Amino acid sequence: MAAADFSTPASANETIRPPGQVPPDGAGSPARPADSAGSPARPDGGAASPSRSIGGAGSPARSRPDACPGALQTHTAADGAVARLRTPGGLLTPDRLRVIADAATTWGSGVIELTSRANVQVRGLGEADGQAFADRMAAAGLLPSATHERVRNILVGPLSGLDGRGLADVIPLVRALDDAVLARPALAELPGRFLFALDDGRRDLLPLHADLTLLPTRPSPVAGYTGAGNEPGPGGSIEARDPGHGAGIAGCVLLLAGQDTGLRFPLADAVPVMVAAAEAFLAERTAQGTGAWRVAELIDGPAAITARLTTGTPQVFPAIRTGPDAATTDTAGRTDTGKSPGIVVMADGRVVLVVLAALGRLTAAQAHAVAEAADAGSAEVRLTPWRTLVIPGIAPAEAAAWTSRLAAAGLVTDAASSWAGVTACTGLPGCAKSLADVRSDATRATSHPPPATGPALTGHRPLPVHWAGCERRCGRPAGPAVLVTATPDGYHVESPGTSEHHTTLPATATAVARARTGDHR
């Protein structure tokens, strides 16, 4: 089956040259770049430092642009330069995955790191290797713009259009939105942490609190929604129940920093509305005189952007209407989101293989194994913000064999694996600020976990766990989690139900196991 083209090649007369590198840690740069397999503050852009206020309470003290790395603007770390490659929607062809794997082997550490925004990064680049790496990515069509390379941050529901459970197939919107962003020179000014999300109605992306989230909705017969013109009917509201199967969509909601301010529009207008909202963010940032990186950092950001989209002469985008609030309940307990490894049945009878890269690290050999499996399916790979890889279109009769081959390559294929939900920052030796080699410690603790006790044995869903090398806790997941933070003499284990300090790894691992299962005895 022919592979879909998910990226735009650089033009023949465009020369891509690195504008420079981000200063190293501790040299006036941010603590770490956002959005990496071990570097992001969190998927929503990170917690504010004590010196600034966010979320509409006041103007943040942003004195400089964000320093998120790209393939051109790399980040200098203790183990060499870090190059981050945006992969809008996490969509890759098998050949492009092979290109990244080979480039990581040739110029980097040999490992592809999967980020919390379904992007990829390569560490360990030498000073003279950055240009060669960027040129190879551009030649493969993975770096279509030197000016917009860091702003192509687009999440998409990874199972959209595959299993029939979403309200709309939003995969085609990924390329359309990416093209629209690239076509507007002004949007090159978006911060590297600004995030678009295209939810297909199952609400799996809502917990990630993107700056702009598209959420298809369907009419509620109880609330009297007419669906005429994709607007709420008199006294109508948007249905709050789980979308499930079937049902037509009524239109779309645009969530701003996770908030529903009533913006409604037809699905066909999704891309121009999201582009208009991104432009409104830049305009509002200028008007407020801030260097805000996220919508939540603006003073009353969601309300201010909504006003720019719906008022004034003329309106920025006249097709937008306002309507009642939509439910924004997340789907933390859902199993049909691509978060967990396993097999998902597609609407056409074929299956999707979902595999997990432990700690978000994909070796070159594993990348080639995934690409080979994808060639046997729909010739596409979808990366997810949960560090899983979605491989659609596998014949049911071949699923077991491919699962075995991927497991043999070291990928996690079982949702019950102790690796599910485990993440870690870069740690030593890659990060000079780290107090421990957290990846090695996380690997030892996870590979040989202590015996499970408590509620997990009765079906309790274990909490995610994140190992961090210092108090910045880079890479921590959104929502409730067990945080394992290195200290000068051990680890501090913190969860919604416990706070403990341990000086040995076995004791730390036991505390983590208890915290994950909710057994705090």
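About the cut-offs
- Residues numbered from 1 in each chain as written.
- Predicted model: local features only at pLDDT ≥ 70, side-chain atom pairs only at ≥ 80, totals over all residues.
- Heavy atoms only, no water.
- Pairing = 2+ DSSP bridges.
- Helix = DSSP H or I, 4+ residues; strand = E, 2+ residues; numbered from the N terminus.
- Axes fitted to C-alpha atoms, helices over the stretch in contact; angles between N-to-C directions.
- Contact = heavy atoms within 4.5 Å.
- Phe/Tyr/Trp six-rings, centres within 6.5 Å; stacked < 30°, edge-to-face > 60°.
- Buried < 20%, exposed > 50% of the residue type's maximum accessible area, 1.4 Å probe, protein only.
- Salt bridge = Lys/Arg side-chain N within 4 Å of Asp/Glu carboxyl O.
- Core = buried A, V, L, I, M, F, W, Y, C linked by side-chain atoms within 4.5 Å.
- Expected span 1.5 Å × (residues − 1).
- Parallel < 35°, antiparallel > 145°, perpendicular 65-115°, else oblique.
- Left-handed = near helix turned anticlockwise from the far one by under 90°.
- Nonpolar A, V, L, I, M, F, W, Y, C, P; charged D, E, K, R; others polar.

### Thoughts on the sheet that holds strand β14 (residues 361-363)
Taken together, the five strands give an open sheet; going across it, the order is β1-β2-β5-β4-β14, and neighbouring strands pair in antiparallel fashion. Each edge of the sheet is formed by a strand with only one pairing partner; in this case those strands are β1 (75-77) and β14. Going across the sheet, the axis of each strand differs from the next one's by a mean of 30 degrees, ignoring polarity. With respect to the sheet, helix α6 (residues 364-375) is in contact with β4 (111-114) and β14, its orientation differing from that of β14 by roughly 80 degrees.

### Here we look at the pairing of strand β12 (residues 342-345)
Pairing geometry for β12 and strand β13 (residues 351-356), over four bridges, is antiparallel. Note that in β13 the partner of Ile343 across the bridge is Leu353. In this structure, the hairpin formed by β12 and β13 is closed by a connection of five residues, where Gly349 is found at a positive phi of approximately 95 degrees.

### Points about the packing of aromatic side chains
All chains considered together, the criterion is met by three aromatic pairs. Relative to Phe196, the ring of Phe194 lies with its centre 5.4 Å away and its plane at 70 degrees, an arrangement referred to as edge-to-face. Per residue, the accessibility class of Phe194 equals that of Phe196, and both read buried. Between Trp467 and Tyr491 the ring centres are 5.2 Å apart and the planes differ by 80 degrees, which places this aromatic pair in the edge-to-face class. A residue pair is termed long-range when its members are at least 10 positions apart, and Trp467 in strand β18 (residues 465-468) and Tyr491 in strand β20 (residues 490-495) qualify at 24 residues. Take Trp467 and Tyr491: they sit in the same class, and that class is buried. Within the aromatic cluster, the residues linked to one another by ring pairs are Phe194, Phe196 and Phe281.

### Describing the sheet that holds β20
Read across the open sheet, the five strands follow the order β17-β18-β19-β20-β21; overall the sheet is mixed. Looking at the sheet topology across the chains shown, the edges are occupied by β17 (422-424) and β21 (498-502). Between one strand and the next, the sheet's axes are offset by a mean angle of 15 degrees, whatever the strand orientation. One ladder, built from four bridges, connects β18 with strand β19 (residues 482-487); its direction is parallel. Pairing of Ala468 across the sheet is with Thr485, part of β19. In the packing of helix α8 (residues 438-447) onto the sheet, the strands contacted are β17, β18 and β20, and the crossing angle to β18 comes to about 145 degrees.

### Brief notes about the pattern of salt bridges
Evaluated as defined, the whole model comprises 20 salt bridges. Between Glu113 and Arg361 there is a salt bridge; the shortest N-O distance is 3.4 Å. Separated by 248 residues along the polypeptide, Glu113 in strand β4 and Arg361 in strand β14 bring together distant segments of the chain. Ionic pairing is found between Arg439 and Glu113, a salt bridge with its closest N-O pair at 3.0 Å.

### Some details on the nonpolar core
Counting 53 residues, the largest nonpolar core has Leu97, Ile112, Met137, Leu389 and Leu406 as its most contacted members. With seven residues, α6 is the largest single contributor of residues to this core. Leaving out residues up to four positions away in the same chain, Ile112 has contacts with Leu97, Ile100, Ala101, Ala104, Val120, Gln121, Gly360, Arg361, Leu362 and Ala367. The next biggest cluster of nonpolar side chains, apart from the first, holds 41 residues, and it includes Val151, Val170, Phe196 and Phe281.

### Observations regarding the environment of Phe281
With respect to the helices and strands, the residue Phe281 is situated in helix α4 (residues 270-288). Look at Phe281 and you get buried, because its relative accessible area is 0%. Through-space distance from the C-alpha of Phe281 to that of Gly301 is 7.9 Å; in sequence the pair is 20 residues apart. Residue contacts for Phe281: discarding those within four places in its chain leaves Leu190, Pro191, Phe194, Ala292, Trp293, Arg294, Val295, Leu298 and Ile305.

### Some words on helix α1 (residues 94-107)
Between the first and last C-alpha of α1 there are 20 Å, a value that for 14 residues agrees with the 20 Å anticipated at 1.5 Å per step. Here α1 has its buried residues at Pro94, Arg96, Leu97, Arg98, Val99, Ile100, Ala101, Ala103 and Ala104.

### Some thoughts on the packing of α1 against helix α2 (residues 130-139)
The N-to-C vectors of α1 and α2 enclose an angle of 170 degrees; their axes lie 11 Å apart at closest approach. It follows that α1 is roughly antiparallel to α2 by the angle criterion. Crossing of α1 over α2 shows right-handed handedness. Judged by residue contacts, Val99, Ile100, Ala103 and Trp107 of α1 engage Ala132, Phe133, Arg136 and Met137 from α2. Taken together, the residues that form the contact of α1 with α2 break down as seven nonpolar, no polar and one charged.

### A few points about the pairing of strand β10 (residues 259-265)
Taken across its seven residues, β10 has five buried, putting it largely inside the fold. Here four bridges tie strand β9 (residues 251-256) to β10, and the two strands are oriented antiparallel to one another. Bridge pairing links Cys252 to Phe265 in β10. Counted between consecutive antiparallel strands, the loop separating β9 from β10 contains two residues, among which Ala257 sits at a positive phi close to 55 degrees.

### Let's talk about the environment of Ala101
With respect to the helices and strands, Ala101 occurs in helix α1. For the pair formed by Ala101 and Val122, sequence separation is 21 residues and the distance between their alpha carbons is 9.1 Å. If we skip the residues at most four places from it in the chain, Ala101 touches Ile112, Ala364, Ala367 and His368.

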